[in-house]
Amino acid sequence: MLPRGRRVLDEHMPVHHKLSRVYRLGSALVGVILTFFGVLGLTDNIGFFDTGGDQVGGLSTNGALSVLSVVVGLLLFAGMVRGGNFASSLNITFGGLFLLSGFVNLALLETSFNMLAFELQNVLFSFVVGLLLLVFGMYGRVGSALPHDNPYWQQRHVDEVARARREHDRNEQRTRARLRGEELRRRASLFGSGEDGGASGDGGASGEEDELDADGDGGQREDR
């Protein structure tokens, strides 16, 4: 069974949620760039661990880096399809890995351990992609002033959310009860008016009968 906070997050993060759309956009954007870069490197028939400085799109690459780029790009596409909290976590994870890769490969430049044929522009590209993924992944998730309808704020304040929902339910019940009372009073007033009208009509009919009786008596007295 999932923790309570996770259940709350899953219930309020459908794939069409506005935050989910941001996470999917970030995954798709970086996934397209990496996949395109990797495919171009593979089509150039560059050696797998060649460090000769072959260029693709202004970046140094080899077969290993091309395959790695395609794999990461496809994983980001999977995040785009899945969306929601999964896409956010995937963006954050790969963003951190790209930043780490930039620092590691910066230290490996001009050494025999530079198996991915990194150059300075590759390091800068890794930093840029890492920051981009982190921004997309953390959007609406990290901050001190998140709105209360934010699913991540709700995940961290489960008790407050439950209390607010109970208060909302009570207010709805009061509103329904008030509207029901007003409807009953309105119906009662309509029925009351109908009964008064009926009584007035009976009174009018009785008056007419009395007049007829009086006229009849008077006619009989005149005949006598």
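See above for the structure.
Report follows, based on the coordinates. Note on numbering: residues in each chain are counted from 1, in written sequence order. Per-residue local features are limited, in this predicted model, to residues with pLDDT of at least 70; the limit for side-chain atom pairs, both in listing and counting, is 80 or more; totals at the level of whole chains, interfaces and linings are taken over all residues. Remark: hydrogens and water are excluded; side-chain values derive from all non-hydrogen atoms of the structure.

1. What about the overall build of the protein chain?
Right, on to step 1. Secondary structure counts use DSSP, requiring at least four H or I residues in a row for a helix and at least two E residues in a row for a strand, with both numbered from the N terminus. Broken down by element type, the protein chain carries 7 helices and 2 strands.
Right, on to step 2. Burial statistics for the protein chain: of 224 residues in total, 33% are counted as buried.
Right, on to step 3. Contacts were defined at the residue level, with two residues in contact if any of their heavy atoms lie within 4.5 Å. Restricting the contact set of the protein chain to residue pairs at least 6 apart, pairs at least 24 apart contribute 68%.
Right, on to step 4. Here the Shrake-Rupley method, with its probe set to 1.4 Å, supplies the accessible areas, and only the displayed protein chains count as covering residues. Summed over its atoms, the accessible surface of the protein chain is roughly 14200 Å², and 61% of this surface lies on carbon and sulfur atoms. Relative accessible area decides the class of each residue, using a 1.4 Å probe on protein chains only: under 20% of the type maximum gives buried, over 50% gives exposed, and in between gives partly exposed.

2. With respect to helix α3 (residues 63-82)
Right, on to step 1. What a helix should span is 1.5 Å times the count of its residues minus one. In a regular helix each residue adds 1.5 Å, so 20 residues correspond to 28 Å; α3 covers 29 Å between its end C-alpha atoms and thus fits that length.
Right, on to step 2. Residues of α3 that are buried sit in contact with α2 (18-43), β2 (59-61), α4 (84-108) and α5 (120-138).
Right, on to step 3. In protein, a polar contact requires one atom able to donate a hydrogen and another able to accept it; more generally it is a pair of N or O atoms within 3.5 Å, and residues adjacent in sequence count only if both atoms are side-chain atoms. Regarding α3, its N-cap is N62, as a side-chain oxygen of that residue lies 3.3 Å from the backbone nitrogen of A64 further along.
Right, on to step 4. At the exit of α3 stands G83, carrying a positive phi of roughly 70°.

3. Some thoughts on the layout of surface pockets
Right, on to step 1. The distinction between a cavity and a pocket rests on a 1 Å grid over the protein atoms alone: a 1.4 Å probe fits inside a cavity but cannot get out, while a pocket stays open yet meets protein on both sides within 12 Å along at least five of seven lines, and a residue with an atom within 4 Å of a point counts as lining. Grid points are joined across faces, edges and corners, and a volume is the space filled by probe spheres set on the points. Of the pockets and cavities examined, the largest pocket occupies roughly 310 Å³.
Right, on to step 2. Surrounding the largest pocket, 16 residues form its lining, L65, L68, F98, S101 and F118 being those nearest its centre.
Right, on to step 3. Put simply, the parts of the chain that give the lining of the largest pocket at least two residues each are α2, α3, α4 and α5.
Right, on to step 4. Lys, Arg, Asp and Glu make up the charged group, whereas Ala, Val, Leu, Ile, Met, Phe, Trp, Tyr, Cys and Pro make up the nonpolar group; the residues left over, Gly among them, are polar. Tallied by class, the residues present in the lining of the largest pocket amount to 12 nonpolar, 4 polar and no charged.

4. Focus: a nonpolar patch on the surface
Right, on to step 1. Patches here are clusters of residues that have more than 30% relative accessible area and form no salt bridge, with a 9 Å joining cutoff for like charges and a 5 Å cutoff for nonpolar side chains (Val, Leu, Ile, Met, Phe, Trp, Tyr). Think of a salt bridge as a Lys or Arg side-chain nitrogen and an Asp or Glu carboxyl oxygen that are within 4 Å of each other. On the surface, L42, F48, F49, V67, V71, L75 and M115 cluster together into a nonpolar patch covering about 610 Å² of accessible area.
Right, on to step 2. With 3 residues, α3 is the largest single contributor of residues to the nonpolar patch.
Right, on to step 3. Summarising the element assignment, V67 is placed in helix α3.
Right, on to step 4. Note on V67: relative accessible area 34%, which makes it partly exposed.

5. Points about α4
Right, on to step 1. For α4, which comprises 25 residues, the first-to-last C-alpha distance of 36 Å matches the rise-based estimate of 36 Å (1.5 Å per residue) to within 8%.
Right, on to step 2. If you check which residues of α4 are buried, you get G84, N85, A87, S88, L90, N91, F94, G95, F98, L99, G102 and N105.
Right, on to step 3. E110 lies just past α4 and shows a positive phi near 60°.

6. Description of the side chain of S60
Right, on to step 1. One can find S60 in strand β2.
Right, on to step 2. Of note is the side chain of S60, whose polar atom sits 2.7 Å from the backbone oxygen of A117.

7. Let's talk about the pattern of salt bridges
Right, on to step 1. Under the criterion given, the structure shown has 4 salt bridges.
Right, on to step 2. When the shortest N-O distance is used, the salt bridge between R178 and E182 registers 3.3 Å. Of this pair, R178 and E182 are both found in helix α7 (residues 158-223), 4 residues apart, which corresponds to roughly one turn of the helix.
Right, on to step 3. When its relative accessible area of 36% is taken as the criterion, E182 is described as partly exposed.
Right, on to step 4. Close ionic contact of R186 with E183 constitutes a salt bridge, the shortest N to O distance being 2.6 Å. You can see R186 and its partner E183 sitting in helix α7, 3 residues apart, about one turn around the helix.
Right, on to step 5. Residues joined in a network through salt bridges with shared partners are E183, R186 and R187.

8. Observations regarding the packing of α2 against α5
Right, on to step 1. Between N-to-C directions, angles span 0 to 180 degrees; the directions come from axes that are lines fitted to C-alpha atoms, helices contributing only their stretch in contact. It is at 8 Å that the axes of α2 and α5 come closest, and there the two elements cross at 160°. Comparing the axis directions of α2 and α5 gives the class roughly antiparallel. Crossing geometry of α2 relative to α5 is assigned as left-handed. Facing V22, Y23, L25, G26, L29, V30, I33 and L34 of α2, the residues of α5 in contact are F125, V129, L132, L133, F136 and G137.
Right, on to step 2. Classifying every residue of the contact of α2 with α5 gives 12 nonpolar, 2 polar and no charged. An angle below 35 degrees is treated as roughly parallel, one above 145 as roughly antiparallel, one from 65 to 115 as roughly perpendicular, and anything else as oblique. Note: crossing handedness is left-handed where the near helix turns anticlockwise from the far helix by less than a right angle, and right-handed where it turns clockwise.

Nothing here speaks to function; it is all geometry.
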